[in-house]
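Here is what each chain is made of, one letter per residue.
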Amino acid sequence: MTHTITLIPGDGIGPEVTRAVVQVLEAAGLQATWESFEAGADAVAAHGTTLPEPLLQSIRKTKTALKGPITTPIGAGFTSVNVGLRKALDLYANLRPVWNLPNVKSRYDGVDLVIVRENTEDLYAGLEHTVVPGVVESLKIITDAASTRIARFAFEHARKHGRKRVTSVHKANIMKLSDGLFIECARRVAKEYPEIQYDERIVDAACMQLVMFPEKFDVLLLPNLYGDIVSDLCAGLVGGLGVVPAANLGLDGVGVFEAVHGSAPDIAGKNIANPLALLLSGVLMLHHLEESAMADRVMAGVMAVLAGSVRTRDLGGTASTSEFADAICRAMEAAGR
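Keep in mind the model is a prediction, meaning the values are calculated, not measured.

Enquirer: What is the right way to look at the packing of helix α5 (residues 144–160) against helix α6 (residues 178–190) in this model?
Expert: The relative placement of two packed helices comes down to the angle between their axes together with the axis-to-axis distance. Their axes nearest at 8 Å, the elements α5 and α6 cross at an angle of 45 degrees. The angle between the axes of α5 and α6 places the two elements in the oblique class. In terms of crossing hand, the pair formed by α5 and α6 is right-handed. Across the interface between the two elements, D144, S147, T148, I150, A151, R152 and F155 of α5 pack against L181, F182, C185, A186, R188, V189 and A190 of α6.

Take a look at the structure:
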């Protein structure tokens, strides 16, 4: 089956890692027509906006996008393209699986977590204004509708993948109305899934426990801001943002799959970036496309290469981006003989 997929190469190292990932996916058997679009600063120069309407129309049509990293200016400049995509397409669920990979140095073994982050509201609604000079107000938006649907997403994911427990992370001891509503919705949904354990952790305590006993957690359910912070913390448990995937999922089967690390402009064009995070996101995309055999093929290739000596510099090796991708393709070919 041939799939039409929206491709957003991104900037910085984005085009390099995207090119490598497309190579591996196609070597695994993916037949795809790629609709490629610029976003971010490159799109502003060409189209006057960070998110051109043809790009959004393409994702609405294909329902699947693979996205490389895009630079977000800090403190000034245009708003985050990631946030803009999530709002424009109502990609309400951010899914971040985190697990140990072979021979990837980390502080912990046996980590196997799934972070489910509400993706459309909370402080990331971006409703900020200056009250008077020197005083800025930012509004935290939590709704019953958004909290309920992300809670249901977490429990459905747990049920589908044989997970045993969902932990809701909050600060309802202080923000009794907003975070209180979030956990109220989670509790209500939890009653519909009696086979799955449900518990709650205050966010600061959860962070402490994650860095002490990560093996005690299974599925974490969080509002937007806490989810952003905790998902990066959990990536640090297994080697960093360069080795974890991410998916942004919405209604009607729409999914944008991305690397969540930065665009690393300091090494752009040098062919030394690690494509693994985007490749693992591509594996999530293959499952989304119901191409699970291809997804398994890619994962087998990744595991075989990581078990050997070929690895990029951030993983302690000397392989270039393209050499790492070539090695995975060879491993898949060898396994298929």
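Enquirer: Hey, could you run me through unusual backbone geometry in this one?
Expert: Negative phi is the rule for most residues except glycine; trans is the rule for most peptide bonds. Unusually for a residue other than glycine, K63 sits at a positive phi of about 65 degrees. Along the polypeptide, K63 turns up in the loop between α3 (53–62) and β3 (64–67). The class for K63 is partly exposed, based on a relative accessible area of 31%. A positive phi angle, near 50 degrees, is found at D90, a position not held by glycine. Considering the arrangement of structural elements, one finds D90 in the loop between α4 (81–89) and β4 (93–99).

Enquirer: For this particular structure, what's the right way to read the sheet that holds strand β2 (residues 31–36)?
Expert: Strand order in the open sheet made by the 10 strands is β2-β1-β3-β12-β11-β4-β5-β10-β8-β9, with mixed pairing throughout. Only two strands of the sheet have a single partner each, and these edge strands are β2 and β9 (197–202). On average, adjacent strands in this sheet sit at an angle of 25 degrees to one another, irrespective of strand direction. In the sheet, strand β8 (residues 165–170) pairs with strand β10 (residues 219–222) via 3 bridges, with the strands oriented parallel. Looking across to β10, one finds that V166 is bridged to V219. Along the sheet, helix α7 (residues 203–212) makes contact with β5 (112–118), β8, β9 and β10, crossing β9 at roughly 105 degrees. Its contacts with the sheet place helix α8 (residues 224–237) against β4, β5, β8 and β10, and it is angled at close to 160 degrees to β5.

Enquirer: How do you make sense of the side chain of D199 when you look at a structure like this?
Expert: Considering the arrangement of structural elements, one finds D199 in strand β9. A distance of 2.6 Å separates the side chain of D199 from the side chain of R165, its partner in a polar contact. For D199, the side chain forms a polar contact with the side chain of R201, separated by 3.4 Å. Residues within four places of D199 in sequence aside, it is in contact with R165, V166, T167 and S168.

Enquirer: I'm lost on the nonpolar core in this one. Help?
Expert: One broad rule of soluble globular proteins: the nonpolar side chains tend to lie buried together. Grouped together as the largest cluster of nonpolar side chains are 89 residues, with contacts concentrated most on L25 and V298. Here this core takes 9 residues from helix α9 (residues 276–288), the largest share from any one element. What L25 contacts, discounting residues up to four positions off in sequence, is L30, W34, L66, L279, G282, M285, L286 and V298.

Enquirer: Looking at this structure, how should I read the packing of helix α10 (residues 292–306) against helix α11 (residues 321–335)?
Expert: Here α10 crosses α11 at 115 degrees, and the two axes come no closer than 8 Å. With respect to α11, the axis of α10 lies roughly perpendicular. Relative to α11, the crossing made by α10 is right-handed. On α11, the residues that touch R297, V298, G301, V302, A304, V305 and L306 of α10 are F324, A327, I328, A331 and M332.

Enquirer: I keep staring at the environment of P102 and nothing clicks. Help me out?
Expert: Inspection of the secondary structure puts P102 in the loop between β4 and β5. When the C-alpha atoms of P102 and V302 are compared, they prove to be 9.5 Å apart, with 200 residues separating the residues in sequence. Setting aside residues up to four positions removed in sequence, P102 forms contacts with M303 and L306.

Enquirer: I tried to follow the pattern of salt bridges on my own but got confused; where do I start?
Expert: Proximity of charged atoms lets side chains of opposite charge pair with each other. Per the stated rule, a full pass over the model turns up 19 salt bridges. Among the ionic pairs, E53 bridges to R60, the shortest N-O distance being 3.1 Å. According to the relative accessible area criterion, E53 is partly exposed, its value standing at 40%. Judged by its relative accessible area of 38%, R60 falls in the partly exposed class.

How each quantity is defined
Residue numbers run consecutively from 1 along every chain, following the written order of its sequence. Selection of residues for local features in this predicted model requires a pLDDT of at least 70, selection of side-chain atom pairs for listing and counting requires 80 or more, and totals for whole chains, interfaces and linings are taken over all residues. Side-chain calculation: all heavy atoms of the structure are included, whereas hydrogens and water are not. Lines fitted to C-alpha atoms define the axes here, with helix axes fitted over just the stretch in contact, and angles between the N-to-C directions of these axes take values from 0 to 180 degrees. Helix and strand labels come from DSSP, where a helix needs a run of H or I of at least four residues and a strand needs a run of E of at least two; each type is numbered from the N terminus. We call two directions roughly parallel when the angle between them is under 35 degrees, roughly antiparallel when it is over 145, roughly perpendicular when it lies between 65 and 115, and oblique otherwise. Helix crossings are classified by the rotation of the near helix relative to the far one: an anticlockwise turn of less than a right angle makes the crossing left-handed, while a clockwise turn makes it right-handed. Residue contacts are defined here by distance: any two heavy atoms, one from each residue, within 4.5 Å place the two residues in contact. When a residue's accessible area, from a 1.4 Å probe over protein chains only, is under 20% of the maximum for its type it is buried; when over 50% it is exposed; and in between it is partly exposed. Any two strands between which DSSP finds at least two bridges are classified as paired. We define a polar contact as two N or O atoms separated by no more than 3.5 Å, with the added condition that, inside protein, one atom must be a possible hydrogen donor and the other a possible acceptor, whereas residues neighbouring each other in sequence contribute only through side-chain atom pairs. Definition of nonpolar core: a set of buried residues of the types Ala, Val, Leu, Ile, Met, Phe, Trp, Tyr and Cys, connected through side-chain atoms within 4.5 Å. When a carboxyl oxygen of Asp or Glu lies within 4 Å of a side-chain nitrogen of Lys or Arg, that pair is called a salt bridge.

Limitation: the analysis is restricted to geometry and does not speak to function.
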